[in-house]
Amino acid sequence: MARTQLTQRPSWRFFVTMTRAVPGLSAVWWALLALRSLLPAALAVCTGWLVGAVAAGSDLTTPLTAFGILFVAAQVAPPLHQVIGTLLGHRLSNELNERLLTATLEPDGIGHLERGDLSNDLTTARDFDLGMTGPPMFINMDFVAGSVVLLLAGVASALVLFGYSWWAPLLLLAAWGSTHWLLRESGVWRDRNTDEVKSARRHTDYAYTLATEPAAAKEVRLFGFDDWLLERFRTNRLRLHELQYAATRLRERSLLGALVIVLCANGFLLFMIARDAYAGALTLQQTVTFAGAAFGASLIAFGGLSWAMDVASAPVMALEALEPEMHAAGSLVTPAPRPGDRSPPPRRGAPEIRFEKVTFAYPGTDRPVLRDFDLTIPAGSSFAIVGINGAGKTTIAKLLCRLYDPQAGAIRIDGVDLRELPIAQWRSELAAVFQDFVRYELPLRDNVMPLGGEDAAASAALAAAGADRLAGLDTPMAKGYPGGIDVSGGQWQRIALARAIAKVEAGADVVLLDEPTAMLDVRGEAEIFSRVLDATAHATTILISHRFSTVRQVDHICVVEEGRAVEVGSHDELVALGGRYRTMYDVQASRFVELDDEGEEVVYESL
Ligand SMILES: Nc1ncnc2c1ncn2[C@@H]1O[C@H](COP(=O)(O)OP(=O)(O)OP(=O)(O)O)[C@@H](O)[C@H]1O
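Residues numbered from 1 in each chain as written. Predicted model: local features only at pLDDT ≥ 70, side-chain atom pairs only at ≥ 80, totals over all residues.

The name given to the chain in an unreviewed UniProt entry is Putative ABC transport protein, with the source organism recorded as Nostocoides australiense Ben110. A UniProt comment under Subcellular location (unreviewed entry) is attached to the chain, and it reads "Cell membrane". (UniProt positions renumbered as here; feature names shortened; annotations may be inferred.)

Shown next as structure tokens:
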């Protein structure tokens, strides 16, 4: 029981993680730590030896040499230890960062990145090296080393006193140990994870990020958020300081109690040593050695160990809590094969996609977004899904990408349950443009073909998306890089479309487009979408859109309402039906006016 608790303690977990992660460097670090810890006790013994030799008039060569060696070691070991600790800190940070990346990237699903209860540990494990809540790891290694050395050096000095009597080391260990324990209460911010602290930290970080990131710069100025942000940052930061101060300020009572205990213990021991020296029971050498050892034992006093260990072990503990939780929350369950099951045959060509009584609620919620959702998307067709905001359209796309699995029902690809298809293979067959597609800070070529490919293919995909004259393929797509540029929202959307088209050309036969033209101008939109349809003609294409000028171009349309498919048919069929689709279409199809390149009004009668 006691053993289990010890091995679960943050300091234990920290040292085990460090030693496992960087064994060679850790061994050198531990060796130097042991050397530094023994030095004060060794110096006390050596000083006694030297003084004894002087008093006895004997040859001083050996004790002086020993003293010299210890002296040099005492000068050299700390800076060397600091250098090794810095290297070790950097390597350990890398290791922890890599473990976090693995924990976030390893699960096939994305549920683990949306769990609110994991966000606190995630922040600790991700941001520990930024210096917001304590020194970065490479600096903290020096605090850890220093405070462990003090503690062990004190213990080693106390052990020298066994040469005097059995009770002396025990007395000093108990006295300084209790001081350590009493004062520890003042130095460590134990309740740093209360709701109030978490909330103040989150508000502080949010205000800080909002004020310093370009994305929010326009709105912050337009809505006059600047003073509000500053105030919010100041107030919450101040609250954090107050909470930290209250938790870690020196406790007068503890201090007084500690002083009384160590004064009594040391006074008694030194009195006994002096008495024995007068009585001739101790030689001069012994007296000097034991008095030196008694002073050395004082190193056990507070020394900041708890604080240093608390900061150093926080990311390790957060990571160890996260790893299993993220794995469980993000993993997708592939059903165990039943007896007689054969692995699905390799698929070829654009598939039929069928949703069969699919019911799905997001993890941590009990409201199903899709309820007994049935839909068949014919092989090689173009298919649009429409519906009001929040109807569940993007959720259908996420399920199709297998970012989540439904709680009931199944999605069948050419009749095979999606959960039975090898996930990497399925995703390689899918080309998608999401509503919140990523703008990679990479050259244009990598934005179109992140996994590489022929320049000609990238250029052809850009041309198909109407983005061939944007920039050279080598141009970095972010202003922060030499020669880098940024482009408009609509131009970015064309690049994202080019990425999907390039994947189709490379063999993907399912295309998923979630609001792919929302940022394009009206004429650009219609033109680009028909080009995309041409480029993806052999694939099963699923379009999610609120733009009926785009939607009407596809073969089949489904209206989703409250998680169910309420109307399915072609544009003409649904208009003739006069139901939900017709209503939405009519609202959008009323006349609207746009200015052309010369500033002339162009009136559109219908979409
Ligand atoms: N990660 C999530 N966790 C919990 N609920 C979510 C999550 N994502 C979406 N929802 C909820 O699921 C419902 C459907 O969302 P979804 O994004 O599928 O709608 P949508 O039809 O695509 O809407 P829009 O037209 O606005 O894009 C909404 O009520 C939304 O609040």
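Moving on from the coordinates now.
Trainee: Looking at this structure, how should I read the environment of Ser254?
Mentor: Looking at the secondary structure, you find Ser254 in helix α11 (residues 252-278). Taking the C-alpha atoms as reference, Ser254 lies 9.5 Å from Trp181; in sequence the two are 73 residues apart. (Helix = DSSP H or I, 4+ residues; strand = E, 2+ residues; numbered from the N terminus.)

Trainee: Before we go on, may I ask you to explain the domain arrangement of the chain in this structure?
Mentor: Interfaces are often described in size by the accessible area the parts lose on coming together. Each assigned domain of the chain is listed with its residue range as follows: domain 1 (2-330) and domain 2 (353-547). For domain 1 versus domain 2, the separation of C-alpha centres amounts to 50 Å. Contact residues are listed per partner, giving seven residues for domain 1 and six residues for domain 2. Its residues assigned to classes, the side of domain 1 that touches domain 2 comprises two nonpolar, two polar and three charged. (Domains from an automatic or database assignment. Contact = placed C-beta atoms within 7 Å. Nonpolar A, V, L, I, M, F, W, Y, C, P; charged D, E, K, R; others polar.)

Trainee: When you look at the sheet that holds strand β3 (residues 382-386) in this model, what are you seeing that I'm missing?
Mentor: One open sheet holds the six strands; their spatial order is β6-β7-β8-β3-β9-β10, and the pairing between them is mixed. If you trace the sheet from one side to the other, it starts and ends with β6 (430-433) and β10 (564-569), each paired once. With direction set aside, neighbouring strand axes in the sheet form an average angle of 15°. Pairing between strand β9 (residues 556-561) and β10: five bridges, direction antiparallel. Residue pairing across strands places Ile557 opposite Gly569, the latter belonging to β10. (Pairing = 2+ DSSP bridges. Axes fitted to C-alpha atoms, helices over the stretch in contact; angles between N-to-C directions.)

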